[in-house]
Amino acid sequence: MPVRALARVNLAAIERNCARLRSALTPGSPDGPVPALCAVVKADGYGHGAAASARAALAGGASWLAVATAQEASELRSAGIGARLLVMGALTAEELGLTLHCDADVVAWREGFVDHLRRRAPHEVRVHVKLDSGMGRLGTRDLDEALRVADAVAAAPRLELSGLMTHFATADERNDTFFGEQLERFAAWVAEVRGRHPALVVHAANSAATLRDPASHFDMVRCGVGIYGLDPFGEDAPLRGLEPALELSSWVADVKRCARGESAGYGRRFIAERDTHLALLPVGYGDGWRRALTNNADILIRGRRHPLVGTVSMDNITVDVGSPSGAHSGDDAILIGADGVDRITAEEIARRLNTINYEVTCGLLPRVPRAFHRDGRPVSAAELAETQP
Ligand SMILES: Cc1ncc(COP(=O)(O)O)c(C=O)c1O
């Protein structure tokens, strides 16, 4: 049965990607424990479905989850996921209330926030102190302030100093020295805090750092993009042993003749230079298939690449399939994914859009239903809910 637009997510691939990332983790000392894997499932699991991705990641060996917002934490808890959960973002007073209600860990870097937290904490709250070692976003750059915040958390009743963290700005960039500088700054601060508070979970690495440098692994890594089988370096996921988990498909709703000189779509941005045939796919920027892909993408139909021609509209695109046998009404059309020997990757779409693979999958809108499977075997909603986190 053809489907208008569908994102099929292979949960088995997410499991294997987690196992692959875990296999890269290196203990800080020869007899030390293997660092933990925290699966980052914010932004609806980078567009893959947060709860289903979280469950797959936990099955694949992740032991923590991380999200950006209180609402995302609440959605995971509502789905019955009880795993250790870190909310990494800045929180309004209202969001803090929801985060605490979800029994999620929070991040602090100002004494004022710790004071607020101390007064609001209805129960033991686990806190991670964030050093801004160079990202220039969340966290304090001031090493003394970071130390004072850690001391204040440790001294407060009902607050537990659980972790120390930072985030890298350039882990995915080649020929860069800033990553090493950040790592050094963070490691020196960690050594100082650990002298006073030894039992802490120290974490810094995203997917790129995890694959790039074992020295960044500390006690835990926070991997997002890699668990979905997207290449953190924007190149080629299989090269790094990662398997893309998401496929985006549509169907050929119609095939029509387009004579030389005739056009397709708004603004007549495609005018046929020869007699040809156009396949109509009922998918568009209302699904997150961006308008900037106008005359700027390929689609796989019957195992062959064909150019998207004309303007991407909200609900439709047209594909130049050449001869009438290039596509038949009812055919599947692959926008992201493999068909035969060829594959269109999120990285390819990202390059065309001058963006990163993260934005391609995060940008798929809720109008596109997500269907979950394990290596082709459909996974029902009931089965999903039953999978124990
Ligand atoms: C603080 C933090 N840690 C970890 C991650 C995961 O990064 P990645 O998806 O590159 O693995 C993110 C994602 O942006 C993040 O904001």
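For the structure itself, consult the block above.
Below: a short report on this structure. (Residues numbered from 1 in each chain as written. Predicted model: local features only at pLDDT ≥ 70, side-chain atom pairs only at ≥ 80, totals over all residues. Heavy atoms only, no water.)

1. A closer look at unusual backbone geometry
Our working rule: A run of H or I in DSSP becomes a helix once it reaches four residues, and a run of E becomes a strand once it reaches two; helices and strands are each numbered from the N terminus.
With a phi close to 50 degrees, D44 is a non-glycine residue in the positive phi region. Not every positive phi belongs to a glycine, and R158 is a case in point at roughly 70 degrees. You can see R158 is positioned in the loop between α7 (143–155) and β7 (159–165).

2. Description of the site of the ligand
Note the following rule: Working definition: residue near molecule or strand if any one of its non-hydrogen atoms lies within 4 Å of it. A 3.5 Å cut-off defines polar contacts: any pair of N or O atoms within that distance qualifies, except that in protein one atom must be a possible hydrogen donor and the other a possible acceptor, and neighbouring residues in sequence count only when both atoms are side-chain atoms. All accessible-area figures derive from a Shrake-Rupley calculation using a 1.4 Å probe, and residue coverage is judged against the displayed protein chains alone.
What surrounds the ligand is a group of 14 residues, the closest being K42, Y46, S207, V225 and Y358. At 2.5 Å from an oxygen atom of the ligand is found a side-chain nitrogen or oxygen belonging to Y46. Here an oxygen atom of the ligand and a side-chain polar atom of S207 are 2.5 Å apart. Coverage of the ligand by the protein chains reaches 91% of its 390 Å² of free accessible surface. For the shell around the ligand, the secondary-structure elements that each account for two or more residues are α2 (42–46) and β9 (220–223).

3. A word on the packing of aromatic side chains
To be explicit about the condition: Only centres within 6.5 Å qualify two rings of Phe, Tyr or Trp (six-membered ring in Trp) as a pair; their planes then separate them into stacked at under 30 degrees, edge-to-face at over 60, and tilted for everything else. Burial classification: accessible surface area is computed with a 1.4 Å probe over protein chains only, and a residue below 20% of its type maximum counts as buried, one above 50% as exposed, and the rest as partly exposed. Geometrically, a charge over a ring is one whose NZ (Lys) or CZ (Arg) sits within 6 Å of the ring centre while staying within 35 degrees of the ring normal.
Scanning the model with the defined rule gives five aromatic pairs in all. With 5.3 Å between their ring centres and 85 degrees between their planes, F186 and F218 make a pair best called edge-to-face. Placement of the pair is F186 in helix α8 (residues 178–196) and F218 in the loop between α9 (207–212) and β9, with a sequence separation of 32 residues. On the accessibility criterion, F186 (0% relative accessible area) is buried. Three or more aromatic residues link up through ring pairs in this structure, and these residues are Y46, Y228 and Y358. The side chain of R174 reaches across the aromatic face of F233, ending 5.0 Å from its centre.

4. Digging into the pattern of salt bridges
We apply this condition: The salt bridge definition used is simple: a Lys or Arg side-chain nitrogen within 4 Å of an Asp or Glu carboxyl oxygen.
Inspection of the entire model under this criterion finds 28 salt bridges. A salt bridge links R196 to D151; its shortest N-O distance comes to 2.4 Å. Residue R196 is found in helix α8, and its partner D151 is found in helix α7; the two are separated by 45 residues along the sequence. The exposure class assigned to D151 is partly exposed, which follows from its relative accessible area of 25%. As a salt-bridge pair, D315 and R367 come within 3.0 Å of each other at their nearest N and O atoms. You can see D315 sitting in the loop between β16 (304–309) and β17 (317–320) and its partner R367 sitting in the loop between α11 (357–362) and β20 (370–374), a full 52 residues away along the chain. Judged by its relative accessible area of 33%, D315 is partly exposed. R367 gets classed as partly exposed once you look at its relative accessible area, which sits at 36%.

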